[in-house]
Every structure is written in C-alpha cells, then in structure tokens.
Amino acid sequence: RVGTRRCRPWGLRTWRVAAPRRATRMSVAKSEPAAALTEQVSPVIQSQVDSSVLNFAIGQPGPELLASAYAMIKKASAEAFEDDKNFPWIMQYGAECGPAHYREALAGFYTRNSLCQTSPSEVILTTGVSGGIQMMCSTLASPGDVAIVEQPSYFLARDIFASLGLETLKAPMTSSGSIDFAALSAEVDALESVGKRVRLLYVVPVHGNPTAVCKTRKEKEAIVAWCERRKVYALCDEVYELLNFGKRSVDSPPMRDLSRGQHVVSLGSFSKICGPGLRLGWALASPEVVERFKQNGVLSSGGGLNPLGGAIMAKAMEPREGAEPLMDDLLLRNVCPTLSRKSRALCASIDRHLAPRGVTYARPEGGYFVFLRLPEGVDATELLETARSEFQVGYTPGERCLGPKNTARLSFAFYSEEEMELGVTRLAAALDNYLAG
C-alpha cells in the first residue's frame, strides 16, 4: 500500500511514503506499530531510498527541507532572469572565481551568519565541498603527494584524494580526540626523508562529520600554527559552519577568523543549507591561493564553475528592502530550526532506548549527525549486517570513518521524528540480539 505526500504548492513531487515491508519473525519487536517510511525514488537523484530499510546512513537533507529550498530557488531564479545586469551574460563562460556579484553577495552572507568578516576577494565559487576539495587538490598538490586526514573523518574525502593520485596519512590522535602534532611531525619527517611531499591536512573542524564535535579555539590555533610552520595547506571542511542550533558550548571561531594566511583554506557549500542539486559552494582563501586557483587548467578551458547557479544564488543572498535576504531567511527560519528539532528528537529516542543499553554520544549543537559509542566489544560493522537484514535499520559504521569499531554515525536530517523513533527502537532490538549472542 503506497501513499503519496504532497509538496505544496507544486503538487505531487519527488518523494513518497510507503508502508514498510512485512517484518520477519525476528526482525522487530511485536509491539512495534505499523508506520509509513519516507522514500526517495527518482531517476534524477543519486541515492535511491526505499522503505525496505530505515537507513540512518543517509546524510542528506530530507524532502521537507528540499521543498522549502525549491520554493526559495524558484523565486530567486525568476528574479535573476529579470535582472538586466545578468542578460545575456549569465549564459556565457564565467569568471574564473565566480561572478563578481556572487562573490560580493557570498561575502556578505558569510559575514552576517558566521560573524567572520569576509571580503569578496577571498571568495571562490565552487561546486560544493567535494568539488572544492578536488579543485584545491589539483591546484595545490600533485599526484604522489600526501594528504593527512584526522581520525575519525568524513570517509568519502579519502576517495577524492585517491582519485587524484594522492596518498593518505592517518593523523595520530590524542586520547582527547585532538591531533597529536608531535607524533604527526615525526611521521611527516620520516616521509619527507624518503622524498615524499606532505601537502595537505584535511579537517572537519565544526559540527564534525562524523563526531558532531566542534574543535576548540586552542585546537584550531594548533592546526593553523602547525600548517604554517610545515608549509602544509589546511583544507578546512566547514560545510556545517552555519548550521547552528544555538550558541556553541565551546569557543570555536571559523578557521579564517584565526588566519588569513595562504595555508588555511575554508570550504563551504549550499548542499547542506539549501540543496545538493544546486552544485554550488565556496572556498575562502588568501590572494596567493586565489591567483593559483585561477590558473587551473579546467578554468582556463571552461571558465568559472556554475556561473548560472552563482547568479541565482547571488540574488538569493542580496539584501532586500524591508526583509531578510531569501537565503538568510531559509537558513535561519527554516533549515536550522528544522534540523534542531530533528536532532532533539533523535537524541530523545537514543536516551530512551539506547542509553540504558550502555550507548553514549556527544549531543550535537549543529550539523547533521550523532556519533554513537556502543558498548565495549560491539563491532558496529558486524552489527550492521543483522541490523539491516533482520531489523530493517541501517547506519554508517564508525570504522568506515576511521573511528573505533564500536562506533556508529546516525543522521537526523532525512527522516521525520516519528520515523527516527521507530529506527532507534529497531536499532535497540538489533543491539539486544547482538549482545545475546
């Protein structure tokens, strides 16, 4: 029995809600209520999501967030195409670092929402953080160079490094979760002694993926100091910098607020705060890095990345008479409150069903994820096999993110509060089954 959820005002759109498949005898508790699960099924999207598994691994905005973004972008697009300064030039090869009005509008948007004073000259238009990593790697490093990644870390970043011929070095970490720079320096010295060039340090310093933790000012200052001393570029994946659920409990300023030097590059994206389909983001960098970026062969041949999307988003970020900019309104009145509500709901479910079973976690203050530490001796990768097949619930094992074996990443961005409650009860049942042997 399949029902369809309406996305006003555009009628029936890209997702549907379907009744879950009948559970096997062992799959879920007998008291579990019947429920409808959000599906994401369309030939135009990357990740197909059906109702067979409630999958907390999906680190994407859910349908309600996309619907709000759709309405905003529709309005901004109409205004962009009516703006005489865009006709007909937004259809031409774009300026290497993005349209001037995008860079100006992004600097204002970022300054307003991060409180980090930003100049248009620092801004580079990218196709998102993944594209920003790719372009910065090809600009600042060469095949055979080494990229350092902290542990745990965003697992797909290593795939980007590998595709560009870069080797990966896992940073040694302290017991408190900070990078052990003394041990790292020794490892880098050893690599350089055999002719290797260590070029990049990749970090997710705010509302971390997967940890949900914000690095402190002291930790960030240590990253900046080490990178400047060793002439290594810090690639700072700050995709969640603007996704805050209130005042942070630690002093954790944006990385570019601590250093405007050439060895600190901040990467941001509209994928998490608007919609991934935009393929639009930004890098904030020093004049030296901006000039090197402009010499990239891709830009020399094809011009700037996504100038049409940049022109539309510039309109969304422009100040408006008597009202907030469209993008600010979406971020502050819709996206952050929605994710905050969903985060609280997931944490409440964890507290009810998993905490009594010895599961611990750091309560997120922003971003998309909760990072669970399961009881000692639990292998989250092994648990996942039976959790998916017998209990119809999934997640990302922490080991895939270079985390401990007994950790798991759960996203609260995609499913509804009611669905997440169901998913956590399923995960609790799967954990009971695992612990029972």
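Our subject is the structure listed above.
For the structure given in this document, a descriptive report is provided here. (Residues numbered from 1 in each chain as written. Predicted model: local features only at pLDDT ≥ 70, side-chain atom pairs only at ≥ 80, totals over all residues. Heavy atoms only, no water.)

We now examine helix 8 (residues 287–294). The set of residues buried in helix 8 consists of Val289, Val290 and Phe293. Down the axis of helix 8, the smallest arc covering the buried residues is 105°, so these residues share one side. (Buried < 20%, exposed > 50% of the residue type's maximum accessible area, 1.4 Å probe, protein only. Helix = DSSP H or I, 4+ residues; strand = E, 2+ residues; numbered from the N terminus. Arc of directions from axis to C-beta.)

On to the sheet that holds strand 16 (residues 407–411). What the four strands build is an open sheet, ordered 12-13-16-15; its pairing is antiparallel. Bordering the open sheet on either side are strand 12 (360–361) and strand 15 (396–397), each of which pairs with just one other strand. Pairing analysis gives two bridges linking strand 12 to strand 13 (residues 369–373), with the strands arranged antiparallel. Paired with Tyr361 across the strands is Leu372, a residue of strand 13. (Pairing = 2+ DSSP bridges.)

Attention now goes to the sheet that holds strand 6 (residues 146–149). The strand order 5-11-10-9-8-6-7 describes an open sheet built from seven strands, whose pairing is mixed. If you trace the sheet from one side to the other, it starts and ends with strand 5 (123–126) and strand 7 (167–170), each paired once. Mean inter-strand twist for the sheet, computed between neighbouring axes without regard to direction, equals 25°. Of the pairings in the sheet, the one linking strand 5 to strand 11 (residues 281–284) comprises four bridges and is antiparallel in character. Paired with Ile124 across the bridge in strand 11 is Ala283. Along the sheet, helix 6 (residues 217–230) contacts strand 6, strand 8 (198–203), strand 9 (233–237) and strand 10 (264–269); its crossing angle with strand 8, the most-contacted strand, is approximately 170°. (Axes fitted to C-alpha atoms, helices over the stretch in contact; angles between N-to-C directions. Contact = heavy atoms within 4.5 Å.)

Here the focus is the side chain of Glu419. Position of Glu419 among the secondary structure elements: in helix 13 (residues 417–435). Every residue in contact with Glu419, bar those within four places of it in the chain, is listed here: Ala36, Leu37, Thr38 and Leu54.

Here we come to the packing of aromatic side chains. What the rule picks out here adds up to 11 aromatic pairs. Arranged with centres 6.2 Å apart and planes meeting at 65°, the rings of Tyr110 and Trp282 form a pair that is edge-to-face. Here Tyr110, found in helix 2 (residues 100–114), pairs with Trp282, found in strand 11; they are 172 residues apart in sequence, far enough to count as distant. Comparing Tyr110 with Trp282, the two get one shared label, buried. By way of ring pairs, the aromatic residues Phe109, Tyr110, Phe270 and Trp282 are connected into one cluster. Looking at Lys272, its charged tip hangs above the ring of Tyr368, at a distance of 5.0 Å from the centre. (Phe/Tyr/Trp six-rings, centres within 6.5 Å; stacked < 30°, edge-to-face > 60°. Lys NZ or Arg CZ within 6 Å of the ring centre and 35° of its normal.)

Turning our attention to the environment of Tyr110. Residue class for Tyr110 comes out buried when judged on its relative accessible area of 1%. With 207 residues separating them in the primary sequence, Tyr110 and Met317 have C-alpha atoms 9.6 Å apart. Excluding its chain neighbours within four sequence positions, the residues that come into contact with Tyr110 are Leu115, Cys116, Thr118, Glu238, Glu241, Leu242, Pro254, Ser266, Trp282 and Leu284.

The next point concerns the packing of helix 3 (residues 129–140) against helix 8. Close contact between helix 3 and helix 8 brings their axes to 9 Å; oriented N to C, the two are set at 95°. Overall, the two elements helix 3 and helix 8 adopt an arrangement that is roughly perpendicular. Of the residues in helix 8, those in contact with Met135, Met136, Thr139 and Leu140 of helix 3 are Val289, Arg292 and Phe293. Taken together, the residues that form the contact of helix 3 with helix 8 break down as five nonpolar, one polar and one charged. (Parallel < 35°, antiparallel > 145°, perpendicular 65-115°, else oblique. Nonpolar A, V, L, I, M, F, W, Y, C, P; charged D, E, K, R; others polar.)

To continue, consider unusual backbone geometry. Each neighbour pair has its own omega, and for Phe87 with Pro88 the value is -10°, a cis peptide bond. Along the chain, the position of Pro88 falls in the loop between helix 1 (63–82) and helix 2. Looking along the chain, the bond that leaves Gln151 and enters Pro152 is cis, with omega of -10°. Phi is positive for Asn306, close to 50°, though the residue is something other than glycine. One can find Asn306 in the loop between helix 9 (297–302) and helix 10 (307–317).

Pairs can form between side chains of opposite charge once their charged atoms are near each other. Considering all chains together, one arrives at 24 salt bridges under this definition. Between Glu318 and Lys315 there is a salt bridge whose closest N-O contact spans 3.4 Å. Note that Arg333 is salt-bridged to Glu324, the shortest N-O span being 3.2 Å. Members of the salt-bridge network, linked through shared partners, are Glu64, Arg341, Lys342 and Glu417. (Salt bridge = Lys/Arg side-chain N within 4 Å of Asp/Glu carboxyl O.)

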